[in-house]
Structures are given as C-alpha cells and as structure tokens.
Amino acid sequence: MKTEIPPGTLYMLVLKTLTRLGPMHGYGIALHIQQTTSDVLQVEEGTLYPALQRMLIKGWVGAEWRVTENKRRARYYVLTPAGREQLAAEVAHFERAITAVRQVIEPA
Amino acid sequence: MGAVSELRRKLRGWWHRDALDAELREELRTHLEMKAADVASPKAARLAFGNPAMILEDARNEWGFPRLETLWQDLQYGARMLVRAPGFTAVALLSLAVGIGANTAMFSLVDRMLIRKLPVREPDRLVVVSASRGRGVSTTSSFADFVDYRDRNEVFDGLVATFQRAFTLSENGQAERIQGLVVSGNYFSVLGVDAALGRGFLPEEDKTAGTHPVVVLGYGLWQRRFGGDASVVGKRISLNSYPFTVVGVAPAAFKGTVAGGAPDVYVPLLMFGQVVSSPIDVLFGPRNRLSGWLQLLGRLKPGVTREQAAAGMTVLGSQIARAHPSLDPALRAEPKFLIEDGSRGHANLVRDIRFPLQMLMATVGLILLIACANIASLLLVRAGARQKEMAIRLATGASRMRLVRQLLTESVLLSALGAAAGLALAASISGVMTSFTPPNNNAFSSLTLDNRLDMRVLGFTFAISMVTGLLCGLAPALVAARPDLVPALRDAVAVSGQRRRHLNLRNLLVAGQVALSVMVLVGAGLCVRSLRNLNAIDTGFDPARVLVMSVDVGLSGYNRERGLQFYSELLERTERLPGVEAVSLATQIALGDGFGATMRGEGYTPEPGEDLSCDFNQIGPGYFDVMKIPVVEGREFGQSDTANMPAVAIINQTAARRFWPGLSAIGRRVIVGRPPFEQARVVVGVVKDSKYRRLTEEVRPAVFTSFFQSYRGDMTLHVRSAGDPATALAAVRREIQALDASLPIYNTRTLEEQKTSSLYTSRLAAALLTAFGLLALSLAAVGLYGVMAYTVSRRRHEIGIRLALGAQGRQVRRVVMAEGTAVVLAGLVIGLAGALAGTRLIDGLLFGVRPNDPMAFAAATLLLALVGLLAAYLPARHASRTDPLRAIRQSIA
C-alpha cells in the first residue's frame, strides 16, 4: 500500500538518504526511499525536484555532475555541513513530535 | 547570515537561469531514462513520471522571483497598454502631474515653514518662553531679565536668547547686507548643534561684554560668499564696520531657531553693543528691565512639563520683579509666563503665512482628489472598452485576483509616471509661489520662503503617488475584472440600461469632481473679492511714484554730528535733482514692520491696564508733504526743529481725539516712552490718520518726532518723483554714492511695491486659489466629457436605431444632454453645500467679504454650469450627427 509522505518530512528523508548513500542523483534518492520503506513511501518527481532546488538554495546540499555506473551523466547531490546540521535538527524535531503523537494515541 | 547567502545563491542561479534550465532539463531526462530502464516500458515510466513540463516549471520557479517577475510582466504589459491609448494616457498623466506637482510644491513649502522640527538635539524638549506684563506690552525679555532667568531657573537645562537683526558685512572691500541672528553664548551648546566647520561659541566668550569678537557663519553665506572655502575659519570679516573673527560654520540643515528665517551669521549677544548705535546701557544695563528685545528658547529638564516650567518661571519672575520694582504703573508687577512648544523654533515670522499655507495645502489635496476621480472615471471608461480582453484572459485561466493586480499595476504605473512629471512641474510651481515675496523688513530679519525639494519631499511625493494609483485604480480594476463573460466574448452590443451600475459609479465620480471644483472655485472667488477690497482700502497716503531706499551710516562708524551732516547734505542734493518733486526721511516705511512705543497725553488719566501703545516714527522735514498726508492742524517739522530747540511731536487724529477730545492738541504735551526713559514733547501738528503697519489695521495713536531731535543712523529716504521712479532711483543712488561710496543701500523699492508686498498672503491665496480653481474646473470638464463621450459611443447602436426610426437630431441631443446636465446639477448642489460649510473656515483670511458671499457663489456656479454644459454638449452633438446606417451596420458586423 502506498502512503503519502508525511508533510514536512521530505527534506529529512532526502538528507538522511544522502548520509547513507553518499552523493546520489535524484532518481537514486527516490528509489532508495521507496525501497527502504518497502514501497510504502513513494516520492513523486513533481515534489522531489522542486524540493531539491529549495535545498540547493538553502545550501543544505551541493550538486555536481558525475557519470553513473551505466555511463549516464547525472547530477549528484552532496550533503553539506549545513545539511548535516539541518538533518540533526529535523530528526530531533520529528522525534519529539512523534513521541508526542504517540502519547496521545497509544494507551488506547 | 542564512538569508543573505540564500539570496546570493538564488541571485546567482537566476543570473545563470538559462544554464540552470538546461541542467534541469537534462537531469529530468536522465531520471526518466533510468526509470525506464528499471520498469517495463518507457510509456509506463512516463506515465508514472507525470508531466515533465510541469515538473520543470515547478523546479525552475524555485530559483526565480516569481512575484517580481509577474510584476515586471505586468509593468511591461501596462506600459504597452498606456502607449496604445495615447489620448487617455496624455489626459491622465497631465491630471496626475498637475495634482501631484501642486501637492509636492505645497508640501515642500509647508514642511519647511510649519512642520519640520529644528535639526537640533531632542527638539521636543525645546520651549518658547515668553513673559506677559500687560496688554500691548512686548513679551520679549530684557538682557538683565534674561541673565536672571538663565542663571536662576530650576526648570531648564539651558535657556538661550536670540534677536534678529540685519548687518552689513564687509570683506575684501565689498559690502553686503545680510541677515543675522544675535544669540546668547550658550546657543549652540544648549541646542546641541555642532559646527559643520570650526566650532561654536566657548563658555569663556560669554562672560564679559565686547571682549570676544567672534562669529559663526551660516552655511548659506559660507557657500555664497566664501565659496565653501574651509580656510574661512580664522578669517577676519567686518560686521557693521566692526572686525570679527570667524570661528565656525553652522551645519547646512540648521537655519537658526526662527521658523522661516535663514541667518547668514550668528553674532554673540555680548558683542551686540559693538555693532549697533543704541547706547549700551539701554541694551545691557541692569536698570532696563522694561524694554524687552530678546526672544527666549529653553530646553526643559527631563521630566519637567510645560506647566511646571511656567509655574517655576512665574515664581522666579515675581521674585525678580519685586527686587526691581517697575516705575510704570501700566505694567503688571509680576510677569506671567507662557511656555509653548519650541520644537519648531520661534514662530513670529511664519505667523501670518501659517493659515494661508494650511488652506492652500488643503486645497491642493482637493485638487489631487479631483485628479484621482478624473482618472478613476477615465479608467472606468477604459474598463468598459477592455471587457473583451479581460473576458478572454479569464476564460483562458487567469484568476480575477491576477487581473485586479494587473490593472492596479497599470494605474500605479500611471501615477508613478504622473509623479515624475509632477516633480518637474513642482519646481516651476514652487518658483511661482516664492515669487510672492513677503515684505522685506527694515532692520530685522525677513521671512525666506524655502521650498527646495529634498528626500522628505520626494518621500511624500512617492507616497501620494502610490496612494493615488491605488485609489484611482481600485474601483475600475474591480469592475473590469468582473466582466459578464458571455456577452463580452460575443462582443455583444451593449444595450442602454445594461451595466447601469458602472455608469452610476462613473457619474458619481464626475459629480464628485464637479462638487470639489465648485468648492475650490468659490474659495477662489472669495479670495479674489477679498483682495479687491484690500486693494481698495484707503491707505491715508499716496503711494504713487514714491520711492524709498535705506542707508545706515551708524554702521559705517558715523557719529551723530557726521550723520546729521550727511543726511542734511543728501536731502539738499536730492531736492535739486531734476524729476524729484519732494524728498524727506523716515525710520519706518509705511506698511512695513512699524515700530511701537507708548504714549499718553499730559493730563490724560489712563484706565488701569489701558493699552497705551502707539506707532512711532522719526521723520525729517516735509515728510507729510512727500506722503501727501494732510496736516489738519499746526505744522510739519521744519529745519529749525533741532536738538537745541524744545522737543516737539506731531500726532495723528486718533491720538488727539483720545487724549483731548473736542480740544485742540496744539501746544499740549505728550509723554512718549516708559519710565525711566520717558520724554515729554510739545505737539506742534496733528495729521490725518493713515495706515502704518498693515492695510487692515485699526489705526491706533501715532507719534512722530523730528529726526534732528531724535537722531538715528539708519534712515530711509522718501522721494516723490515727477516721472518714472526708476529714473529717479538711479539719480538718487548716484548722489548717495557721491557722498559715501562704501555705504550699502537697501530696501530699495516704491511705496506701490511696498503696498503690494504687504498684501502678499492675500495675493498668494487669491492667485493660487484661482489657478487651482481653474485647474479643478478643467479637470472636471475633461472628466465629464470623457464619460459622456464614452456613453455616446456605447449607445451608438441604440442612437442609430432611434435616428433610423425617425428621431430628430435635436431629440437625441436632448436625451444625451439630460444625463450630463443631471450629473452637473448633482455635483453643483453637493459642491455648493460643501462650500457653504467649508468657506467658513477661511473667514479669517477674508477682508470685507463674508464667507457665504452670494457673488462668489453665483460666479462659481455660473462658470461651472457653462463649462459643464459645454463638456456635455459636445458629445451630445456628436451623437445627434450619428449616421444611422453606419452605426447599425458596425455594431452588427
């Protein structure tokens, strides 16, 4: 079953993917998120690319052109120190939020 | 930090947007390819991918400034629309330029004269300090009182004294008459004004009189006379023939503490004795606490209110008054202190011009409103014409908000262009305003109309142009962005009766313009009538062909004896000149500053607190002959009324009637001045009343003394010429120069000019209001014409059918005229009612005419009705000449 990506978590997912994979192109990022979540989370291209542009502008990621294993030229996104800080902040925030949500819903 | 580097990255991306675009394109293509390789078919991949163009667009937009880009598009589009309708654009721009230009010019004047606070430290703590000692007594302070107030008060951080006075500046052999402000030594330090160059006055320069000849130059004089040369500090200049050292230059923004003044030089109070001929003990003597001459400005201690300051000063004033009891019973023993807002300095110079300026500012505001209404109605007309365009844009997916924004951008663009044109116009309007020169005062400072444009004014202009753009664009934009899609797209013929609502809004706007115009026109009519009344006032003297010019030999170091000799010789030489009918001397020029004194007749017992003030003038023999003021009893002064002879006086009829009603005044004595400086004089003549200081004054008692008995160094030659005063002027000037080539000659003018300039506030108001009234009228006419013409063009089809069915041109004309007439009538009624309420406010400005003067109302009504009906008639005539066949064919095609 497909699930929409929870609002506000896309940056975190992309940043985390980049820490795991190292520099990666957009398709690789999308694929990784989809595979890691066993197809539960699907990243739409229409959401991913504008988000990547915003992250470039904010300076969380850099970009460079590299050649893929299959000899294709692709733009690879690289995590910057600012991106690493942002990830830590977003993860902390997310966990605080999820803990809070759990407190509301769990003791059913 | 984050936001800045973000903006930098974004700008870099935007700058390389073509490269960025190519990269995004390639990136998305690769993505698609990789996806295609992973899934079954390219088609499936594309399906799963979504619309690549949309993704590209969305991703690209992240890099741009979409709002700014839309704005830029709107501006380009707006500019194209303006170019495409040159007639509309021209009329709209002209209306705006006039409206905004007039406002800018007025505001620059009002701001400098009335609004702007002094450019000093914490101007809000400054207060004007004055002490009232009874009716008709000056509220200025004597030097002795000032020193006590300054040193013994507990409410001020500092108290400064000033006195305005003109000086003769000589430097490098060139003499020039300049405006000076005589200031106490603590002036610059209390105000917190730092010199632009050099320094202000030092505390040790403010201890003993006459020992520290230093001056600070005004910035204007420094630029004008010394070319902004920094080496001026330390330079020696001479003021009234006394050498001074320049120690500093005041900052450019600082124009002294008298609103409307612009001192060229700041002279220490303690040096004043060196530059005037008045006896030192009169100025600085501890005995003289009665004749005030200093204006005081205090800086309140933090936390002290004006009321507390007034109370504190009144206590101090009473202590001082008890220690130095007044000899004059007419004076209140204990002064009552008034503490007023001093953040704009002393207001004595701008007092007369304040109300006219405020009224004119309100009027130009009305003009701008009319221009707004005018443009709004023209835009509404265009909104009608652009319904199809709007409908197409709406149909192809533009949002209404987007259209409104587009249309507002257009009107704001229009008003910004209008503001630019208005700024250019403002400069010439300012020129016209400053050409109404205020009367130039004799020895004291004169009002300088200063209205240069600066950042504050530009900011004001920018603000009003934005507000104007939104104001006049909003209603049309809302109407235009809501077209009835289907008929608009079909280009259907508008049938009369349709879109009634918008037409009503248009008519309302035109009626509003008419109403505002009527109000301005009525105001103009009232001011013109008032000016005519003022001009018709009998001055009591004959100003025709009388020339005046002043010299001050006291300032050139002449003593009394040499001065008397100089003036006697000058009178003799001038009398002999061909073309000179009569010549005399006086210290005061009629309708000028005037000079006040007090006088009572011997044997006359004044009521307690009675105002004994009178006008005072020292004159030469034959003065009343030159002025053609009849001597009703006794004689004029002659050559024989010299210092060795009994002190004599001539009084006016008002004085004679007051002191000795029903009796002859000749041979009786008047006491002039206050103790201990009072003088008894024998009345040798009574002259007819005339106007002394202003045309509208109630004549009060006046006393004239013989120049030979009460000598002064500064005198004004009065010459009645037989022919052209300009010719006589050149000849008299030559005579003065023959006697002393180094004497500066000032106040050169005819008495006619003096009379005209004394009316300058009324002339300013009448001239500007008339100009503004005609402006308003033409704007309203253009507005009415535009709306009527539009109505006719929309109803072409209907009119064509009527004509084809046999209607006469006359009938068509009547139908169209009826609508225009109704609008004009409605506007007239509203406007007249508004004027009736509004003109009461300018009552104080009017002379001899009531604010509801029927003549002014009738004239404005008539003028407006004529122009309005003409503006409605032209389109009506056009309508009646419609060719029915063509009209019908066109609307079907």
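Along each chain, residue indices are assigned from 1 in the same order as the chain's sequence is written. Going through the entries in the order they are written, you letter the chains from A and number the ligands from 1. Local features in this predicted model are restricted to residues of pLDDT 70 or higher, and side-chain atom pairs are both shown and tallied only at a pLDDT of 80 or more, whereas totals for entire chains, interfaces and linings draw on every residue. Computation of side-chain values covers all heavy atoms of the structure but excludes hydrogens and water.

## Looking at the overall build of chain B
And step 1. Along the backbone of chain B there are 27 helices and 21 strands.
And step 2. Our radius of gyration looks at C-alpha atoms and nothing else; its globule reference is 2.2 Å times the residue count to the power 0.38. Computed over its C-alpha atoms, the radius of gyration of chain B comes to 37 Å, more than 25% above the 29 Å expected for a compact globule of 893 residues.
And step 3. Each principal axis of the C-alpha distribution contributes one length, and for chain B these read about 125 × 80 × 55 Å.
And step 4. Between two residues, a contact is recorded if the distance between any of their heavy atoms is within 4.5 Å. For chain B, the share of sequence-separated contacts (at least 6 apart) that also reach a separation of at least 24 residues comes to 82%.
And step 5. Summed over all atoms, the accessible surface of chain B reaches about 39,100 Å², with 58% contributed by carbon and sulfur. Put simply, DSSP marks the helices as runs of H or I at least four residues long and the strands as runs of E at least two long, and each gets a number from the N terminus on. Here the accessible surface of atoms and residues is derived via Shrake-Rupley with a 1.4 Å probe, and residues count as covered only by protein chains that are part of the display.

## Description of the pattern of salt bridges
All names here are of chain B.
And step 1. Here a salt bridge means any side-chain nitrogen of Lys or Arg lying within 4 Å of a carboxyl oxygen belonging to Asp or Glu. Taken as a whole and assessed by the stated rule, the structure comprises 37 salt bridges over all chains.
And step 2. Asp-853 is paired through a salt bridge with Arg-529; the nearest N and O atoms lie 2.8 Å apart. Separated by 324 residues along the polypeptide, Asp-853 in the loop between helix H25 (809–838) and helix H26 (854–880) and Arg-529 in helix H17 (residues 500–536) bring together distant segments of the chain.
And step 3. With a shortest N-O distance of 2.8 Å, Asp-641 and Arg-635 are connected by a salt bridge.
And step 4. Since its relative accessible area comes to 4%, Asp-641 is described here as buried.
And step 5. Three or more residues are tied together by salt bridges with common partners; here these are Glu-176, Arg-224, Arg-225 and Asp-264. Any residue under 20% of the maximum accessible area for its type is buried, any over 50% is exposed, and the rest in between are partly exposed; the area is computed with a 1.4 Å probe on protein chains only.

## Quick word on the interface of chain A and chain B
And step 1. Of the residues lining the interface, 21 residues belong to chain A; the matching set on chain B comes to 22 residues.
And step 2. Carbon and sulfur atoms make up 58% of the surface buried where chain A meets chain B, a total of about 2,200 Å² over both sides.
And step 3. Linking chain A with chain B are six salt bridges, by the criterion used here.
And step 4. As a salt-bridge pair, Glu-23 of chain B and Arg-75 of chain A come within 2.9 Å of each other at their nearest N and O atoms.
And step 5. Here a polar contact is recorded for every N or O atom pair within 3.5 Å, except that within protein the pair must consist of a potential hydrogen donor and a potential acceptor, and residues adjacent in sequence are included only if both atoms are side-chain atoms. In this assembly, chain A and chain B are joined by 14 residue pairs in polar contact (both at pLDDT 80 or more).
And step 6. When residues of the side of chain A that touches chain B are traced back to their parent elements, those giving at least two are helix H2 (26–36), helix H3 (45–58) and strand S3 (73–79) of chain A.
And step 7. For the side of chain A that touches chain B, the element with the most residues is H3 of chain A, which contributes nine residues. A simple way to read buried area is as the amount of 1.4 Å-probe accessible surface that goes missing from two parts once joined, with both sides added.

## A look at the packing of helix H13 (residues 387–395) of chain B against helix H14 (residues 400–434) of chain B
Residues and elements named next belong to chain B.
And step 1. One can describe the packing of H13 onto H14 by two numbers: an axis separation of 10 Å at closest approach and a directional angle of 140°. What the angle tells us is that H13 and H14 run oblique. You can see that H13 and H14 cross each other, and the crossing is right-handed. Across from Met-390, Arg-393 and Leu-394 in H13, the residues of H14 making contact are Arg-400, Leu-403, Gln-406 and Leu-407.
And step 2. Polar here means any residue other than Ala, Val, Leu, Ile, Met, Phe, Trp, Tyr, Cys and Pro, which are nonpolar, and Asp, Glu, Lys and Arg, which are charged; Gly is therefore polar. Here the residues of the contact of H13 with H14 are counted per class, giving four nonpolar, one polar and two charged. Axes here refer to lines fitted to C-alpha atoms; in helices the fit is confined to the stretch in contact. Angles between the N-to-C directions go from 0 to 180 degrees. Reported orientations rely on four angle classes, namely roughly parallel under 35 degrees, roughly antiparallel over 145, roughly perpendicular from 65 to 115, and oblique for the rest. Two helices crossing with the near one rotated counterclockwise from the far one by less than a right angle form a left-handed crossing, whereas a clockwise rotation gives a right-handed crossing.

## Observations regarding the pairing of strand S8 (residues 265–268) of chain B
Residue and element names in this part refer to chain B.
And step 1. The alternating pattern of S8 places Val-265 and Val-267 on one face and Tyr-266 and Pro-268 on the opposite face, and all of these are buried.
And step 2. Strands qualify as paired when DSSP identifies two bridges or more between them. As paired strands, strand S3 (residues 174–183) and S8 are joined by four bridges and run parallel to one another. Across the sheet, the residue bridging to Gly-180 is Val-265, located in S8.
And step 3. Of the strand pairs in this sheet, strand S5 (residues 214–217) and S8 are connected by two bridges, and their pairing is antiparallel. Looking at the pairing, Leu-217 lines up with Val-265 of S8.

## Regarding the nonpolar core
All names here are of chain B.
And step 1. For the purposes of this section, nonpolar cores are sets of buried Ala, Val, Leu, Ile, Met, Phe, Trp, Tyr and Cys residues that join through side-chain atoms within 4.5 Å. In this structure, Met-106 and Phe-704 are the most contacted members of the largest nonpolar core, which totals 123 residues.
And step 2. Counting residues per element, this core draws most heavily on helix H12 (residues 351–385), at 18 residues.
And step 3. Leaving out residues up to four positions away in the same chain, Met-106 has contacts with Leu-357, Leu-360, Met-361, Val-364, Met-433 and Leu-768.
And step 4. Listed in part, the 47 residues of the second largest apolar core include Phe-163, Leu-239, Leu-294 and Leu-300.

## Remarks on a nonpolar patch on the surface
Residues and elements named next belong to chain B.
And step 1. Together, Tyr-785, Leu-870, Tyr-873 and Leu-874 make up a nonpolar patch on the protein surface, roughly 360 Å² of accessible area in all.
And step 2. For the nonpolar patch, the element with the highest residue contribution is H26, accounting for three residues.
And step 3. With respect to the helices, strands and loops of the structure, Leu-874 is situated in helix H26. Residues with no salt bridge and a relative accessible area higher than 30% make up the patches, which join like charges within 9 Å and nonpolar side chains (Val, Leu, Ile, Met, Phe, Trp, Tyr) within 5 Å.

## Points about the packing of aromatic side chains
And step 1. Pairing of aromatic side chains here covers Phe, Tyr and the six-membered ring of Trp, requires ring centres within 6.5 Å, and sorts the geometry by plane angle: under 30 degrees stacked, over 60 edge-to-face, intermediate tilted. One pass over the structure, following the stated rule, counts 28 aromatic pairs over all chains.
And step 2. Residues Tyr-604 of chain B and Phe-659 of chain B carry aromatic rings whose centres are separated by 5.1 Å and whose planes lie at 65° to one another, so their mutual orientation is edge-to-face. Separated by 55 residues along the polypeptide, Tyr-604 of chain B in the loop between strand S13 (596–601) and strand S14 (613–619) and Phe-659 of chain B in helix H20 (residues 653–659) bring together distant segments of the chain.
And step 3. Take Phe-659 of chain B: its relative accessible area is 6%, and that puts it in the buried class.
And step 4. Each residue in the set Tyr-558, Phe-566, Tyr-567, Phe-707, Phe-708 and Tyr-711 of chain B is aromatic and connected to the rest through ring pairs, giving one cluster.
And step 5. Two conditions define a charge located above a ring, namely a distance within 6 Å from the ring centre to NZ of Lys or CZ of Arg, and an angle within 35 degrees of the ring normal. When the ring centre of Tyr-76 of chain A is taken as reference, the NZ or CZ atom of Arg-66 of chain A above it lies at 5.5 Å.
And step 6. A cation sits over an aromatic face here: Arg-562 of chain B above Tyr-558 of chain B, 3.9 Å from the ring centre.

## Observations regarding unusual backbone geometry
And step 1. Even without being glycine, Asp-39 of chain A reaches a positive phi, approximately 65°.
And step 2. Among the secondary structure elements, Asp-39 of chain A is positioned in the loop between H2 and H3.
And step 3. The exposure class of Asp-39 of chain A is partly exposed, given its relative accessible area of 40%.
And step 4. For Ser-241 of chain B, which is not a glycine, the phi torsion comes out positive at approximately 70°.

## Here we look at the side chain of Glu-697 of chain B
Residue and element names in this part refer to chain B.
And step 1. Tracing the backbone through its elements, the reader meets Glu-697 in the loop between strand S18 (679–687) and strand S19 (702–706).
And step 2. Judged by relative accessible area, Glu-697 falls into the buried class, the value being 8%.
And step 3. Within the structure, the side chain of Glu-697 is placed 3.1 Å from the backbone nitrogen of Arg-693, a separation counted as a polar contact.
And step 4. Non-local contacts of Glu-697, meaning those with residues more than four positions away in its chain, are made with Ser-690, Lys-691 and Tyr-692.

## Notes on the environment of Met-788 of chain B
And step 1. Examined against the element boundaries, Met-788 of chain B turns out to sit in helix H23 (residues 760–794).
And step 2. Not counting chain neighbours up to four residues away, the residues in contact with Met-788 of chain B comprise Val-816, Gly-820, Ala-872 and Pro-875 of chain B.

## Describing the sheet that holds strand S2 (residues 61–67) of chain A
Within a sheet, neighbouring strands are paired by backbone hydrogen bonds and run either parallel or antiparallel to one another.
And step 1. Strand order across the open sheet formed by three strands is S1-S3-S2 (chain A), with antiparallel pairing between neighbours. Edge strands, defined here as strands with exactly one partner in the open sheet, are strand S1 (24–25) and S2 of chain A.

## What about the side chain of Ser-613 of chain B?
All names here are of chain B.
And step 1. Mapped onto the fold, Ser-613 is located in strand S14.
And step 2. Among the residues examined, Ser-613 registers a relative accessible area of 9% and is labelled buried.
And step 3. Here the side chain of Ser-613 touches Asp-611 through a polar contact of 2.7 Å, side chain to side chain.

## Considerations on the confidence of the model for chain B
Residues and elements named next belong to chain B.
And step 1. Per-residue confidence for chain B gives a mean pLDDT of 85, with 91% of residues at or over 70.
And step 2. Confidence, expressed as mean pLDDT per element, reaches its minimum in chain B at helix H16 (residues 485–490) with 58 and its maximum at helix H19 (residues 623–627) with 96.
And step 3. The score called pLDDT rates the predictor's confidence residue by residue, from a low of 0 to a high of 100. Contacts of residues 441–445 to residues separated by more than four positions or lying in other chains number 23 contacts, the stretch itself having pLDDT below 50.
And step 4. When the criterion is pLDDT under 50, residues 492–499 qualifies, and its contacts beyond four places in sequence or with other chains add up to ten contacts.
And step 5. Interface predicted TM-score (ipTM) for the complex: 0.86; the corresponding pTM is 0.76.

## Details of the packing of H2 of chain A against H3 of chain A
Residue and element names in this part refer to chain A.
And step 1. Axis separation between H2 and H3 bottoms out at 11 Å; the angle between their running directions is 120°. By the criterion of interaxial angle, the relationship of H2 to H3 is oblique. Seen from above, H2 lies across H3 with right-handed handedness. Side by side, H2 and H3 meet where Gly-26, Tyr-27, Ile-29 and Ala-30 of the first sit next to Leu-48, Tyr-49 and Leu-52 of the second.
And step 2. Partitioning the contact of H2 with H3 into residue classes produces six nonpolar, one polar and no charged.

## With respect to the environment of Ile-650 of chain B
Residue and element names in this part refer to chain B.
And step 1. Along the chain, Ile-650 falls in strand S16 (residues 648–652).
And step 2. For Ile-650, a relative accessible area of 0% corresponds to the buried category.
And step 3. In the structure, Ile-650 is positioned 219 residues away from Gly-431 in sequence and 44 Å away in space, judged by C-alpha atoms.

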